[in-house]
Amino acid sequence: NMENYLYGYRVHKLDAQGRIAIPAHMRGRLGEEFIASLGLGDFIALYPQDQWEELLNKVQSSTLSTEKKKKLSLYLISSADKMTLDAQGRLLVSDRLKEKVSLAGEKEAVVFGNINHIEIWNSTLFNEQVASIEKQEVINIMDELNGIGI
């Protein structure tokens, strides 16, 4: 059921107050309240509550060493905030998060639905990231995925 997945790519205006519109088709899955956190990369990650809890549970119940669990939890949770969108469906991005992901002073950002979360990127960084992926590498990964049964 596609309703359960976040997908799509939009470039949206980031206004002077640090607000950015979240596309209407992503808002339902995101829910009334959701979590904004520093992503594992140069982006801000927005998680529906259930996906955030699933992520934290995955970390806690993993076989990672206590030290690694601590680092991962600290990274994810130290930047996490419970958020809501305004009446116009916009997210207010904090200055602190904007600084960390190269969005300070930017006039636009990429809003990218990545299956179980939304990513907000500096558009130049996003395009560089996408361009750095070789098509052949993707084909090889897909073959590997098919090999392990999808």
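Because the structure is a prediction, the values reported are computed rather than measured. (Residues numbered from 1 in each chain as written. Predicted model: local features only at pLDDT ≥ 70, side-chain atom pairs only at ≥ 80, totals over all residues. Heavy atoms only, no water.)

Caption draft 1: Focus on the overall build of the protein. What the protein contains, in helices and strands, is six helices and eight strands. The linear arrangement of helices and strands in the protein, starting from the amino end, is β-β-α-β-β-α-α-β-β-α-β-β-α-α. Against the compact-globule benchmark of 15 Å for 150 residues, the protein has a radius of gyration of 16 Å, which places it among compact chains. Dimensions of the protein, computed from C-alpha atoms along their principal axes, come out at roughly 45 × 35 × 30 Å. Classification of the 150 residues of the protein by burial places 33% in the buried group. Across the protein, the mean location of the 17 positive side-chain charges is 4 Å away from that of the 21 negative side-chain charges. (Helix = DSSP H or I, 4+ residues; strand = E, 2+ residues; numbered from the N terminus. Rg over C-alpha atoms; globule rule 2.2 N^0.38 Å. Buried < 20%, exposed > 50% of the residue type's maximum accessible area, 1.4 Å probe, protein only. Lys, Arg positive; Asp, Glu negative; His and termini not counted. Charge placed at Lys NZ, Arg CZ, Asp CG, Glu CD.)

Caption draft 2: Representation of the packing of helix α2 (residues 49–61) against helix α3 (residues 66–78) in the model. With their axes 9 Å apart at the nearest point, α2 and α3 run at an angle of 160° to one another. Comparing the axis directions of α2 and α3 gives the class roughly antiparallel. The crossing of α2 and α3 is left-handed. Of the residues in α3, those touching α2 at Trp-52, Leu-55, Leu-56, Val-59 and Gln-60 are Lys-69, Leu-72, Ser-73, Leu-76 and Ile-77. (Axes fitted to C-alpha atoms, helices over the stretch in contact; angles between N-to-C directions. Parallel < 35°, antiparallel > 145°, perpendicular 65-115°, else oblique. Left-handed = near helix turned anticlockwise from the far one by under 90°. Contact = heavy atoms within 4.5 Å.)

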